[in-house]
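Remarks on the overall topology
Each chain, written out:
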Amino acid sequence: MKKIGLVIVISVLTFTSCTSSYLFKPIVTVDTQETMFANGYEFLLSHGEHSGVGMFVEKTKKGELRMHAVIFNTSTDKYFDFNPEDITVTYLRNGTEVNIKVYSPRDYMKKLERSQNIQIAVAAMDYAVNNTSTDGVGSQLANERNYTRNSLLVANRLYPEDEVEGDVMTKTYRMTGERFMVTMPIASDIHEFVFKIPK
């Protein structure tokens, strides 16, 4: 557990986010979990037989869930493949389990590009009608696109004592109930993270 904690401290020192609406409170549910703070973020750490994962979740200003995960191969002689598309997010609504759509990196980038195309069209119309300057709009959107592409968690093969870090995004949501769960299968380990839904 100390090893994955150290990896999180090192990796998060260079990580910043300007899109947060608020952070969700993690809930420890089993004795193989604990919480730790790194650079102001409260991570929920989960330790499996072959892997360790640290995660925090925040709601973006667009209403999406942004799950930031650090995944570590704790094995000294085995590798495993990890695919973020295997992650699921669920919550209970009136006693029924509801799945929240988790975007693949490719689908999220397509969504972002569609949104940016609309912003460019609106800026162009504003310029045509009001002669408003559009200087810098294209470069700002390009910077956002590049940052997002580089920060998304993608499929990886993790060799012994390797780690990988990145974001996984969900569709805009409105959850009810007291908590939601993020399930992350890695090799033979199943990591389940529970977070409190604010009232």
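Just so it is clear, the structure is predicted and the values come from calculations on it, not from any experiment.

With respect to the helices, strands and loops of the structure, Glu 42 is situated in strand S4 (residues 41-47). Reaching out from Glu 42, the side chain makes a polar contact with the side chain of Lys 25 at a distance of 3.2 Å. Other than its neighbours up to four places away in sequence, Glu 42 contacts Lys 25, Pro 26, Thr 35, Met 36, Phe 37, Met 55 and Phe 56.

Below, the discussion takes up the pairing of strand S5 (residues 51-60). Side-chain direction in a regular strand flips from residue to residue, so the side chains alternate between the two faces of the sheet. Among the 10 residues in S5, 9 count as buried, and that is most of the element. Both S4 and S5 contribute to a ladder of 4 bridges, which runs antiparallel. By the bridge assignment for S5, His 47 is matched with Gly 52. Between S4 and S5, which pair antiparallel in sequence order, lie 3 residues. Pairing geometry for S5 and strand S6 (residues 65-73), over 9 bridges, is antiparallel. Within the sheet, the bridge partner assigned to Met 55 lies in S6 and is Ala 69. Counted between consecutive antiparallel strands, the loop separating S5 from S6 contains 4 residues, among which Gly 63 sits at a positive phi close to 90 degrees.

Once that is clear, we can look at helix H3 (residues 137-151). Across its 15 residues, H3 extends 21 Å between first and last C-alpha, which sits within 8% of the 21 Å expected from 1.5 Å per residue. Inspection of H3 places Leu 141, Thr 148 and Ser 151 among the buried residues, and these make up the whole buried set. Angularly, the buried residues of H3 cover 100 degrees about the axis, an arc narrow enough to put them on a single face. Facing away from the buried side of H3 by more than 90 degrees, the exposed set consists of Asn 143 and Asn 150.

Further remarks concern the side chain of Ser 75. The residue Ser 75 is located in the loop between S6 and strand S7 (80-82) in this model. A polar contact of 2.8 Å, which involves the side chain of Ser 75, links it to the backbone nitrogen of Lys 78. Every residue in contact with Ser 75, bar those within four places of it in the chain, is listed here: His 50, Pro 160 and Glu 161.

With that settled, the discussion passes to unusual backbone geometry. Even without being glycine, Glu 161 reaches a positive phi, approximately 65 degrees. By the secondary structure assignment, Glu 161 is in the loop between strand S10 (156-158) and strand S11 (163-169). The phi dihedral of Ala 187 falls on the positive side, at around 50 degrees, and the residue is not glycine. Here Ala 187 lies in the loop between strand S12 (179-186) and strand S13 (189-196).

A few words on the packing of aromatic side chains. For the structure on display, the rule yields 7 aromatic pairs. Between Tyr 79 and Tyr 159, the ring centres sit 5.5 Å apart and the planes meet at 50 degrees, which makes this aromatic pair tilted. Separated by 80 residues along the polypeptide, Tyr 79 in the loop between S6 and S7 and Tyr 159 in the loop between S10 and S11 bring together distant segments of the chain. On the accessibility criterion, Tyr 79 (47% relative accessible area) is partly exposed. One aromatic cluster is present, formed by Tyr 22, Phe 24, Phe 180 and Phe 195 through successive ring pairs.

Grouped together as the largest cluster of nonpolar side chains are 30 residues, with contacts concentrated most on Met 55, Leu 65, Ile 71, Met 175, Phe 180, Val 182 and Met 184. When residues of this core are traced back to their parent elements, those giving at least two are S5, S6, S7, strand S8 (88-93), strand S9 (96-100), S11, S12 and S13. Each residue touching Met 55, except ones within four places of it in the same chain, is listed here: Glu 42, Phe 43, Leu 44, Met 67, His 68, Ala 69, Val 182, Met 184, Phe 193 and Phe 195. By size, the runner-up hydrophobic cluster in this structure holds 7 residues, among which are Ala 38, Phe 43, Leu 45 and Phe 56.

Definitions and limits used
- Residues numbered from 1 in each chain as written.
- Predicted model: local features only at pLDDT ≥ 70, side-chain atom pairs only at ≥ 80, totals over all residues.
- Heavy atoms only, no water.
- Helix = DSSP H or I, 4+ residues; strand = E, 2+ residues; numbered from the N terminus.
- Polar contact = N/O pair within 3.5 Å; in protein donor to acceptor, adjacent residues only side chain to side chain.
- Contact = heavy atoms within 4.5 Å.
- Buried < 20%, exposed > 50% of the residue type's maximum accessible area, 1.4 Å probe, protein only.
- Pairing = 2+ DSSP bridges.
- Expected span 1.5 Å × (residues − 1).
- Arc of directions from axis to C-beta.
- Phe/Tyr/Trp six-rings, centres within 6.5 Å; stacked < 30°, edge-to-face > 60°.
- Core = buried A, V, L, I, M, F, W, Y, C linked by side-chain atoms within 4.5 Å.

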